[in-house]
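# An overview of the molecular structure
The residues making up each chain are set out below.
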Amino acid sequence: RIHYPSSPYWYAFPIRTSADMQTRNAPFLSSAAIAALLAMISGHTAAAAVGDISTSGALPSPPSAPASADKCSTCRGPTHSWDTVPVSLHTCRMDTNARGEFDPSDLEIISRFPLVTIEKWQGGRSTGTGGRPVFLWEDEAWTNAARGVKEANPNASVVVWMDTMLVYTGWNVDPSNTTVNRTLNPDAKKACATGHFRPAEYLERSDGGQGLLLRNGTGHLAIESWSYCHVYDHRREEARAYWKDMCLNMTSSGVVDGCGADFSAMAANRWSAHESPSYVARELGVTPEVAAEWAKGHRLMMRETQEALGEGLLVGKDGAELGDHANGVLQEGACSGTNATVNDLRALTQRARAAGPDGRKWVFQCHANDASVHTLAAFLAGAGHGHYFTLGGWNNGVTGHWSDDFSKPLGAPLGDAIYNGSSWLREFVNGTKVTFTPHIDSKGKDARGTGVIIWGKRMQAETLLVQSVA
């Protein structure tokens, strides 16, 4: 039994070998997880003896940066191709094996995507022999899952979906316990129980001495209005460096190419909200003056992290962030099969062209809720270099995330789409023709339109040379 100092809670779990799993029913912790827990609680190194459990209150050290902390040397973004529909995947699997890995059937699908972003729930309900629960730290599950993706497709770019604002603390050591654990944050709601984040232990327990968490005007820890999670205080250089180092520690595995920057544009997923001190103040429960200072530091942290990632990706949430502090964006619902989808993608393409060589490196994941011909046609009518049609249900594996249309021949676009007064028309090298007809509903709003795709035939590259204008 382990007791958190200054807390009424005890955590009880057996420390056993995998052989004992055959006859015991209690949750099993891997040796790595045991060592991590001992280090977390007692401040000992990972080599601490199993029986050496301290309740002295000694704090663990913050995650240290890898040796080459100034820049990731192994990170790389995806290679964009028009051979087929450029696609990416955003998901994770909660029900995994004891290592938090995707299963072989998942990887058969995942290996087809050049860009994979793995959400915060990976391995959250991992099980070992006999279906017994196994506790995994999220960074372990991410690394093991990413390694499997790389083995299935060495050319894939893998991003782990971190959060730039929220400190998730509501999880339990026993994954079968779905109640919100308020040991570290008495105000936490269910939304603050995402993932098993090792850094939260340090951040919450050491805040009195380190000041890495934001406080409101009363001196209490600030609480984000949706999740009731606590918040990184990006006004402080130490907090900004801490977040950057967390990301670099993930990429030091050699199988992670970048980090998600969830809440980069606040809960609204709009950069304009981030740039509004009054909006930020309401969301964080602080004064507009503090909010403006926090937002400035938040932006600086993301810029510093993107630079440190080298050729890797820092993935924000709003297309407006591209070229400022993020070189990648996953915009939820951007591929909605409407006229706005076409126009927004075209506008991003124009911005990227104006940015020159840097713009060629931007990545935009146009998230869709379906892969219907209408949604896909709107994407193809507007898409430019670095744009990816993106499916993903956050935590449901790969179910429904692949379409046979993704394997059909496309080829580079022969030019930008042309609007003929009623429809967008676009043709591609391999003979594919796309028509997307927007629809205005009875209330005058941009609604889902109608798409038609006539797929061409694959051509030999040497028989037709086309300079893409995308």
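Above this note sits the structure.
Conventions we followed
- Residues numbered from 1 in each chain as written.
- Predicted model: local features only at pLDDT ≥ 70, side-chain atom pairs only at ≥ 80, totals over all residues.
- Heavy atoms only, no water.
- Helix = DSSP H or I, 4+ residues; strand = E, 2+ residues; numbered from the N terminus.
- Buried < 20%, exposed > 50% of the residue type's maximum accessible area, 1.4 Å probe, protein only.
- Contact = heavy atoms within 4.5 Å.
- Areas by Shrake-Rupley, 256 points an atom, 1.4 Å probe, with all protein chains shown as cover.
- Pairing = 2+ DSSP bridges.
- Axes fitted to C-alpha atoms, helices over the stretch in contact; angles between N-to-C directions.
- 1 Å grid on protein atoms, 1.4 Å probe; cavity = no way out; pocket = protein on both sides within 12 Å on 5 of 7 lines; lining within 4 Å.
- Points joined across faces, edges and corners; volume = space filled by probe spheres on them.
- Nonpolar A, V, L, I, M, F, W, Y, C, P; charged D, E, K, R; others polar.
- Core = buried A, V, L, I, M, F, W, Y, C linked by side-chain atoms within 4.5 Å.
- Left-handed = near helix turned anticlockwise from the far one by under 90°.
- Polar contact = N/O pair within 3.5 Å; in protein donor to acceptor, adjacent residues only side chain to side chain.
- Disulfide = S-S within 2.5 Å.
- Parallel < 35°, antiparallel > 145°, perpendicular 65-115°, else oblique.
- Right-handed = clockwise from strand over helix to strand, strands pointing away.

Right, let's get into the overall build of the protein chain. Looking only at helices and strands, one finds 11 helices and 18 strands in the protein chain. For the protein chain, with 470 residues in total, the buried portion stands at 54%. By sequence separation, contacts in the protein chain at least 24 residues apart represent 67% of the contacts at least 6 residues apart. In the form shown here, the protein chain has an accessible surface area of approximately 19,600 Å², with 51% of it arising from carbon and sulfur atoms.

Here we have 4 strands laid out as an open sheet, ordered S15-S16-S17-S18, and antiparallel in their pairing. Since the sheet does not close on itself, it has two edges, and those belong to strand S15 (418-419) and strand S18 (446-454), each with one partner. Bridge analysis of strand S17 (residues 433-440) against S18 gives 7 bridges, and the strand direction is antiparallel. The partner of isoleucine 440 across the bridge, within S18, is aspartate 446. Contacts from helix H10 (residues 339-354) reach strand S16 (424-427), S17 and S18 within the one sheet, and its direction differs from that of S16 by about 55°.

All right, on to the sheet that holds strand S10 (residues 258-260) then. Strand order in the closed barrel formed by 8 strands is S4-S5-S7-S10-S11-S12-S13-S14, and the pairing between neighbours is parallel. Here the average twist between neighbouring strands, direction ignored, is 25°. Sheet strands touched by helix H11 (residues 373-382): strand S13 (363-367) and strand S14 (387-391). Its angle to S14, the strand with the most contacts, is close to 160°.

Unfilled space is identified by rolling a water-sized probe across the atoms. According to the stated counting rule, one finds 1 cavity of 30 Å³ or more in the structure shown. Reported here for the largest cavity is a volume of approximately 40 Å³. As for the largest cavity, its lining consists of Leu322, Leu348, Ala352, Gly359, Trp362, Val363, Phe364, His385 and His387. Within the residue set of the lining of the largest cavity, elements represented by two or more residues are H10 and S13. For the lining of the largest cavity, the residue count by class is 6 nonpolar, 3 polar and no charged.

Here we come to the nonpolar core. Core analysis: the largest hydrophobic core is formed by 103 residues, its most contacted members being Ile118, Trp243, Leu284, Trp294, Phe379 and Phe389. Counting residues in each nonpolar core, the second largest holds 8 residues, with Leu313, Val315, Val363 and Tyr388 among its members.

Running from N to C, helix H6 (residues 237-251) and helix H9 (residues 288-308) point in directions that differ by 35°, and their axes come no closer than 9 Å. The hand of the H6/H9 crossing is right-handed. Between H6, through Arg240, Trp243, Lys244, Cys247 and Leu248, and H9, the contact on the second element is made entirely by Gly297, Leu300, Met301, Glu304, Thr305 and Ala308. Its residues assigned to classes, the contact of H6 with H9 shows 6 nonpolar, 2 polar and 3 charged.

Structurally, the position occupied by serine 264 is in the loop between S10 and helix H7 (271-274). We classify serine 264 as buried; its relative accessible area is 0%. At 3.1 Å, the side chain of serine 264 forms a polar contact with the backbone nitrogen of lysine 317. Separated by 2.9 Å, the side chains of serine 264 and glutamate 321 make a polar contact. With residues near it in sequence (within four places) discarded, serine 264 still touches Thr164, Trp271, His274, His298, Met302, Gly316, Lys317 and Glu321.

Another point: the environment of phenylalanine 436. Mapped onto the elements of the fold, phenylalanine 436 is located in strand S17. Assessed through its relative accessible area of 0%, phenylalanine 436 is described here as buried.

Tallying each qualifying case throughout the model produces 4 disulfides. The partner cysteine of cysteine 192 in its disulfide is cysteine 229, sulfur to sulfur 2.0 Å. Note on the cysteine 192 and cysteine 229 pair: the S-S dihedral is about 125°, so by sign convention the disulfide is right-handed. Placement of the pair is cysteine 192 in the loop between strand S8 (166-167) and helix H4 (198-205) and cysteine 229 in the loop between helix H5 (207-210) and strand S9 (230-231), with a sequence separation of 37 residues. We note that cysteine 192, like cysteine 229, is buried. Disulfide connectivity for the protein chain, with bonded cysteines indexed by sequence position, reads 1-2, 3-4, 5-6, 7-8.

With that settled, consider the packing of H10 against H11. Geometrically, a packed helix pair is captured by the angle between its two axes and the distance between the axes. In contact at an axis separation of 7 Å, H10 and H11 are set at 25° when each is read in the N-to-C sense. Judged by the inter-axis angle, H10 sits roughly parallel to H11. Taken as a pair, H10 and H11 cross one another with a handedness that is right-handed. Seen from H10, the contacting residues are Thr341, Val342, Leu345, Arg346 and Thr349; seen from H11, they are Ala378, Phe379, Ala381 and Gly382. Its residues assigned to classes, the contact of H10 with H11 comprises 5 nonpolar, 3 polar and 1 charged.

In this section: the pairing of S14. Taken residue by residue, a regular strand's side chains alternate between the two faces of the sheet. Counting buried positions along S14 gives 5 out of 5 residues, so the element sits mostly inside the fold. The two faces of S14 match: His387, Phe389 and Leu391 on one face and Tyr388 and Thr390 on the other face are all buried. Bridge count for strand S4 (residues 87-91) against S14 is 3 bridges, and the pairing is parallel. Counterpart to serine 88 in the pairing with S14 is threonine 390. Handedness of the crossover joining S13 and S14 through H11: right-handed.

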